[in-house]
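Analysis of the macromolecular model
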Amino acid sequence: MNEFEHLACKQILDTLMKRPIAKIFWDSDQEIDNPDIIHPITFKLISEKLQNHVYQSPQDFIDNMNELLANAKKWDPVKSIKPAAAELLTQDFEKAVLVYKPTTIPLSMKIRIAFNEFNEIKSIPISDIEETTSTNNSKPANYLLNQYNRNPNSISREDLVKEIQLLNSTDKLLNLIRFIYKLQPDAILVNKEVTIQLENINPDDYAKIHAYIWKQLQNLSIQTIISKPKSSGSTYEEKYFQ
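Now for a description of the structure that goes with this document.

The rules behind the values
- Residues numbered from 1 in each chain as written.
- Predicted model: local features only at pLDDT ≥ 70, side-chain atom pairs only at ≥ 80, totals over all residues.
- Heavy atoms only, no water.
- Helix = DSSP H or I, 4+ residues; strand = E, 2+ residues; numbered from the N terminus.
- Contact = heavy atoms within 4.5 Å.
- Areas by Shrake-Rupley, 256 points an atom, 1.4 Å probe, with all protein chains shown as cover.
- Buried < 20%, exposed > 50% of the residue type's maximum accessible area, 1.4 Å probe, protein only.
- Expected span 1.5 Å × (residues − 1).
- Axes fitted to C-alpha atoms, helices over the stretch in contact; angles between N-to-C directions.
- Parallel < 35°, antiparallel > 145°, perpendicular 65-115°, else oblique.
- Left-handed = near helix turned anticlockwise from the far one by under 90°.
- Nonpolar A, V, L, I, M, F, W, Y, C, P; charged D, E, K, R; others polar.
- Salt bridge = Lys/Arg side-chain N within 4 Å of Asp/Glu carboxyl O.
- Phe/Tyr/Trp six-rings, centres within 6.5 Å; stacked < 30°, edge-to-face > 60°.

1. Some remarks on the overall build of the protein chain
Of the regular secondary structure elements, the protein chain holds eleven helices and three strands. In sequence order, the protein chain lays out its α and β elements as α-α-α-α-α-β-α-α-α-α-β-β-α-α. Of all intrachain contacts in the protein chain linking residues separated by at least 6 positions in sequence, the fraction that spans at least 24 positions is 77%. Total accessible area computed for the protein chain in this model is approximately 13700 Å², and 52% of it derives from carbon and sulfur atoms.

Given below as structure tokens:
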């Protein structure tokens, strides 16, 4: 799973665990003793699999969740509250899946760049924007090495999301936002903060945006080699992305 799918699955599990009744499914040996339950599973096991990135896809996570809830409904409702609890948690689970959409790619990215910053830069040629922020983050360099032979025409929306998150400098983010704005103004939503409306970007432009980001990542990789490490009070993701 990619990071967005993993986060969505975690949010779904957290939603269910807010119900006090969910604790009876956290870690129970009773499942093993029930002959009607072929594949015992608990919330604890699902949580550990999420934490250790065992799931290959959101569907694997969803299947495990459905299996847990189905197992709970096999108990005798006269002798156990598990069937009733499972019905309640099933409703929560189905709603959470609709809300967090673990099997879909994000349609937008909110970036913590203020309205006035965007207005100052949108009419300036990209080459005239002074880049003052360096980085000691090795992620851009690692990404370039792993994606060196990638066919630009195979770039997906999910790939763009990953690449945008690697642009760990305000200047480069502003440059990218302006670049996308010139391609498709409706792909940039400006309120108090700037949001890249990914669903509005024409797939035919993915390769162009990828090529532009690639050039920015190459610059960041060079800066990684020549810059000295600097301490920071927060991670890049915490600073710029919500």
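Right, picking up where we left off after that structure.
2. Some points on the environment of Asp159
With respect to the helices and strands, Asp159 occurs in helix α8 (residues 157-165). The class of Asp159 is buried, set by a relative accessible area of 11%. Separated by 47 residues in sequence, Asp159 and Tyr206 have C-alpha atoms that sit 9.2 Å apart.

3. Quick word on helix α5 (residues 82-100)
The end-to-end C-alpha distance of α5, which contains 19 residues, comes to 26 Å, matching closely the 27 Å that a straight helix rising 1.5 Å per residue would cover. Of the residues making up α5, those classed as buried are Lys82, Pro83, Ala85, Ala86, Leu89, Thr90, Asp92, Phe93 and Ala96. Looking one or two places after α5, you find Lys101, whose phi comes out positive at around 45 degrees.

4. Examining the packing of helix α4 (residues 58-72) against α5
At a minimum axis distance of 8 Å, the contact between α4 and α5 shows a crossing angle of 150 degrees. Considered as vectors, α4 and α5 are oriented roughly antiparallel to each other. Classified by chirality, the crossing of α5 by α4 is left-handed. Along its contact with α4, which presents Ile62, Met65, Asn66, Leu69 and Ala72, the element α5 presents Lys82, Pro83, Ala86, Leu89, Thr90 and Phe93. Along the lines of polarity and charge, the residues of the contact of α4 with α5 split into eight nonpolar, two polar and one charged.

5. Details of the pattern of salt bridges
As enumerated under the stated definition, the model contains four salt bridges in all. In this structure, Arg19 engages Asp92 in a salt bridge whose closest nitrogen and oxygen atoms are separated by 2.6 Å. Here Asp92 lies in helix α5 and Arg19 lies in the loop between α1 (3-17) and α2 (30-33), a separation of 73 residues in the sequence. Judged by its relative accessible area of 32%, Arg19 falls in the partly exposed class.

6. Observations concerning the packing of helix α3 (residues 43-51) against α4
For the pair α3 and α4, the least separation of the axes is 10 Å and the interaxial angle reads 170 degrees. Considering the angle they form, α3 stands roughly antiparallel to α4. Contact residues: Phe43, Ile46, Lys49 and Leu50 in α3; Phe61, Asn64, Met65 and Leu68 in α4.

7. Some remarks on the packing of aromatic side chains
The geometry of an aromatic ring pair is captured by the separation of the ring centres together with the interplanar angle, meaning the angle of the planes. With the rule as written, the count across this model stands at three aromatic pairs. Aromatic pair Tyr55 and Phe61: ring centres 5.8 Å apart, planes at 85 degrees, arrangement edge-to-face. Classification of Phe61 by relative accessible area gives buried; the value is 0%. With centroids separated by 4.5 Å and ring planes inclined at 10 degrees, the aromatic side chains of Phe179 and Tyr212 adopt a geometry described as stacked. With Phe179 in helix α9 (residues 170-183) and Tyr212 in helix α10 (residues 206-226), the pair connects residues that are 33 residues apart, well separated along the chain.

So, to be careful, I would describe these as geometric facts and stop short of saying anything about function.
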